[in-house]
Protein chains: 2
Amino acid sequence: MTQSPAVPTPERPFLGEARVKTVGGLADEVRALIDAVVFTDAPDADLEEAAAALRALTERLNAARLPAPPMSADHGMLGQLGNPVTGVVNPVAPPIPFEVQEDGSVTADFTLGDVYEGPPGYVHGGISAAVFDQLLGMVAASSGTPGMTATLDLRYRRPTPLNTPLRLEARVARREGRKTWVEGTITTPDGRTTVESTAMFITPRHFITSGLAQDPASR
Amino acid sequence: MTQSPAVPTPERPFLGEARVKTVGGLADEVRALIDAVVFTDAPDADLEEAAAALRALTERLNAARLPAPPMSADHGMLGQLGNPVTGVVNPVAPPIPFEVQEDGSVTADFTLGDVYEGPPGYVHGGISAAVFDQLLGMVAASSGTPGMTATLDLRYRRPTPLNTPLRLEARVARREGRKTWVEGTITTPDGRTTVESTAMFITPRHFITSGLAQDPASR
């Protein structure tokens, strides 16, 4: 979830609000296109023409490229705009909107469409897992103990419906030294929990020495 | 992973090999476009024109829509072409190619690009989780005991690099009545395991009575 220090990575470019809106709007059109590709029953000739048109559009967008996926200027480490779960400029992401509460807990209200299908009519279990990994990591980060995912455990209690408002709630369960356990649930509008998850995050030592994370000794 | 019987779902349309190639080719162009959107530094005006062009293409593809995401005529229950992990016609999917061995174990050789990034330079932990959920489920299915994911547990031992050849290997660990435990690893070219996973799948009773799955009593 959070930055791994061992790896040299290019500088992250930051986008302002207006630019995020423009690129995010383009990403939304790609999301609609993705759905259309999965379901299309248009003739082969139309598809081949569409492919050629896309190739030209891609070339035009690639005429100027950022050195790395962009970050939001406003949201710090939670602002990975290219994140495959929450990133508004990444068409792979639904994207999942989330709210960080004052105590560091996170809630998210979202709906997943047909391109995230696993069993017919239901959300792919791996997509639920990806949503948990991302949002549980955000809880760890926003509550002062950012870290790398060490374990992620999921219990699927019943199928999670597609195209239905879902709510994720997640909070810190406990801490022990540099380890933080975060737990969360996904529930349907009738209040039933479909999936439960617990993840354990380990805060790198230098996050503490550099002041990025709480010092466990000070708790 | 596999079909949940409780839910009424529309008939699944089947696509032949040539059509899969055409739609898959279009999906590949969308994959290239997704990467371009995440990285683009083109002027706002170009992005707005691109968005308008995409809207028109989407409309054209939607002029004729299938009633549900398509299946491959050749691969039965493993042939969900719209699957968000393995589906060749779903641009959200990398897609992960996989090989089913005679004993039902599964191997997959794949590379994940920048749009699947979590920590800078590394694969998002949730994407690894999604890959495991899908391929461990395929092991359960292809070894005679298809089922729904009941639990999925992941241990992240080190970061998984982007843009690097990865190998997933997975096999049945044990069975107990209608429960099947499947375990797998993702390794890098130097033979290091980055993530380990175990999942437990439960075979619905009527899969057994209808002959879709082995009868545990006959083992």
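Residues numbered from 1 in each chain as written. Chains lettered and ligands numbered in written order. Predicted model: local features only at pLDDT ≥ 70, side-chain atom pairs only at ≥ 80, totals over all residues. Heavy atoms only, no water.

A. A look at the pattern of salt bridges. This structure, assessed with the given rule, holds 24 salt bridges over all chains. Residue D35 of chain A is joined to R65 of chain B by a salt bridge in which the shortest nitrogen-to-oxygen separation is 2.8 Å. Residue D35 of chain A is located in helix 1 (residues 17-39), and its partner R65 of chain B is located in the loop between helix 2 (44-61) and strand 2 (71-72); the two belong to separate chains. As a salt-bridge pair, R167 of chain A and D109 of chain A come within 2.9 Å of each other at their nearest N and O atoms. A residue pair is termed long-range when its members are at least 10 positions apart, and R167 of chain A in strand 6 (residues 166-176) and D109 of chain A in strand 4 (residues 106-110) qualify at 58 residues. Among the residues examined, R167 of chain A registers a relative accessible area of 30% and is labelled partly exposed. (Salt bridge = Lys/Arg side-chain N within 4 Å of Asp/Glu carboxyl O. Helix = DSSP H or I, 4+ residues; strand = E, 2+ residues; numbered from the N terminus. Buried < 20%, exposed > 50% of the residue type's maximum accessible area, 1.4 Å probe, protein only.)

B. Molecular detail of the packing of helix 1 of chain A against helix 1 (residues 17-39) of chain B. Two elements in contact, helix 1 of chain A and helix 1 of chain B, have axes separated by 11 Å at closest approach and are oriented at 165°. It follows from the interaxial angle that helix 1 of chain A and helix 1 of chain B lie roughly antiparallel. As helix 1 of chain A packs across helix 1 of chain B, the resulting crossing turns out to be left-handed. Here V23, L26, A27, V30, L33, I34 and V37 of chain A of helix 1 of chain A come into contact with helix 1 of chain B, specifically with V23, L26, A27, V30, L33, I34 and V37 of chain B. Among the residues making up the contact of helix 1 of chain A with helix 1 of chain B, the classes are represented as 14 nonpolar, no polar and no charged. (Axes fitted to C-alpha atoms, helices over the stretch in contact; angles between N-to-C directions. Parallel < 35°, antiparallel > 145°, perpendicular 65-115°, else oblique. Left-handed = near helix turned anticlockwise from the far one by under 90°. Contact = heavy atoms within 4.5 Å. Nonpolar A, V, L, I, M, F, W, Y, C, P; charged D, E, K, R; others polar.)

C. Quick look at the pairing of strand 7 (residues 179-187) of chain A. Residue and element names in this part refer to chain A. Alignment of strand 6 against strand 7, held across nine bridges, turns out to be antiparallel. Paired with E176 across the bridge in strand 7 is K179. The turn linking strand 6 back onto strand 7 is made up of two residues, and G177 within it adopts a positive phi angle of 60°. As judged from the nine bridges shared by strand 7 and strand 8 (residues 193-202), these two strands associate in the antiparallel manner. Paired with K179 across the bridge in strand 8 is I202. Where strand 7 hands over to strand 8, the hairpin turn is made up of five residues, of which G191 adopts a positive phi near 85°. (Pairing = 2+ DSSP bridges.)

D. Focus on empty space enclosed by the protein. Scanning the entire structure with this criterion turns up six cavities of 30 Å³ or more. Considering the residues around the largest cavity, the lining is formed by 16 residues, among which V92 and I127 of chain A together with V92, I127 and A130 of chain B are closest to the centre. Contributing elements (two or more residues each) for the lining of the largest cavity: helix 3 (125-142) of chain A together with helix 3 (125-142) of chain B. Split by residue class, the lining of the largest cavity holds 16 nonpolar, no polar and no charged. (1 Å grid on protein atoms, 1.4 Å probe; cavity = no way out; pocket = protein on both sides within 12 Å on 5 of 7 lines; lining within 4 Å. Points joined across faces, edges and corners; volume = space filled by probe spheres on them.)

E. Inspection of the environment of T86 of chain A at higher detail. Residues and elements named next belong to chain A. Looking at the element boundaries, T86 is found in the loop between strand 2 (71-72) and strand 3 (99-100). Judged by relative accessible area, T86 falls into the buried class, the value being 9%. When residues no more than four places from it in sequence are discounted, the contact partners of T86 are A93, P95, I96, F98, Q134, L135 and M138.

F. Just the environment of T40 of chain A, in detail. Considering the arrangement of structural elements, one finds T40 of chain A in the loop between helix 1 and helix 2 (44-61). Judged by relative accessible area, T40 of chain A falls into the buried class, the value being 3%. Between the C-alpha atom of T40 of chain A and that of N83 of chain A, which follows or precedes it by 43 residues, the distance is 27 Å. Leave out the neighbours within four places in its chain, and T40 of chain A touches L47 of chain A together with R19, L61, A64 and L66 of chain B. Looking at T40 of chain A, its side chain comes within polar contact range of the main-chain oxygen of L61 of chain B, at 2.8 Å. (Polar contact = N/O pair within 3.5 Å; in protein donor to acceptor, adjacent residues only side chain to side chain.)

G. Unusual backbone geometry, seen in detail. Residue and element names in this part refer to chain A. P95 follows P94 through a cis peptide bond whose omega is -20°. You can see P95 is positioned in the loop between strand 2 and strand 3. Positive phi, close to 55°, is recorded for N163, a residue that is not glycine. Inspection of the secondary structure puts N163 in the loop between strand 5 (148-156) and strand 6.

H. Quick look at the side chain of T40 of chain B. Polar side-chain contacts of T40 of chain B include one of 3.1 Å to the backbone nitrogen of A42 of chain B. Look past the residues within four positions of T40 of chain B in its chain and what remains in contact with it is R19, V23, L61, A64 and L66 of chain A together with L47 of chain B.

I. Looking closely at the sheet that holds strand 4 (residues 106-110) of chain B. Strand order in the open sheet formed by 12 strands is 3(A)-4(A)-6(A)-7(A)-8(A)-5(A)-5(B)-8(B)-7(B)-6(B)-4(B)-3(B), with antiparallel pairing between adjacent strands. On the outer flanks of this sheet lie strand 3 of chain A together with strand 3 (99-100) of chain B, each paired with one strand and no other. Each of strand 3, strand 4, strand 5, strand 6, strand 7 and strand 8 of chain A together with strand 5 (148-156) of chain B touches helix 3 of chain A; the most contacted strand, strand 8 of chain A, lies at about 45° to it. The strands touched by helix 3 of chain B within the sheet are strand 5 of chain A together with strand 3, strand 4, strand 5, strand 6 (166-176), strand 7 (179-187) and strand 8 (193-202) of chain B, with strand 8 of chain B carrying the most contacts at an inclination of about 45°.

J. Broad picture of the pairing of strand 8 of chain A. All names here are of chain A. Among the 10 residues in strand 8, nine count as buried, and that is most of the element. Two strands pair when backbone bridges link them, and strand 5 and strand 8 are joined in this way by eight bridges, in the antiparallel orientation. Within the sheet, the bridge partner assigned to R155 lies in strand 8 and is E196.

K. Molecular detail of the relation of the copies chain B and chain A. Superposing chain B onto chain A requires a rotation of 180° together with a translation of 0.0 Å along the rotation axis, leaving an RMSD of 0.0 Å. As the rotation angle and translation indicate, the two copies are arranged about a two-fold axis. Using C-alpha coordinates, one finds that chain B approaches the rotation axis most closely at D153 of chain B, a distance of 2.2 Å. Most of the interface of chain B is mirrored in chain A, where 100% of its interface residues are also at the interface. (Least-squares fit on C-alpha atoms with pLDDT ≥ 70 in both.)

L. How the structure looks around the interface of chain B and chain A. Opposite the 83 residues of chain B that make contact, chain A presents 83 residues. Of the roughly 7500 Å² buried between chain B and chain A, counting both surfaces, carbon and sulfur atoms make up 63%. On the chain B side of the interface with chain A, the three residues burying the most area are F39, L61 and P120 of chain B, jointly 9% of the side's total. Inspection of the chain B/chain A interface yields 12 salt bridges. One salt bridge in this structure joins R60 of chain A and D46 of chain B, with 3.3 Å as the shortest N-O distance. For the pair chain B and chain A, the interface holds 32 residue pairs in polar contact (both at pLDDT 80 or more). When contributions to the side of chain B that touches chain A are tallied by element, the ones reaching two or more residues are helix 1, helix 2, helix 3 and strand 5 of chain B. The dominant element in the side of chain B that touches chain A, judged by the number of residues it contributes, is helix 1 of chain B, at 15 residues. Two elements, strand 5 of chain A and strand 5 of chain B, share five bridges in a ladder whose sense is antiparallel. (Buried area = accessible area lost by both parts, 1.4 Å probe.)

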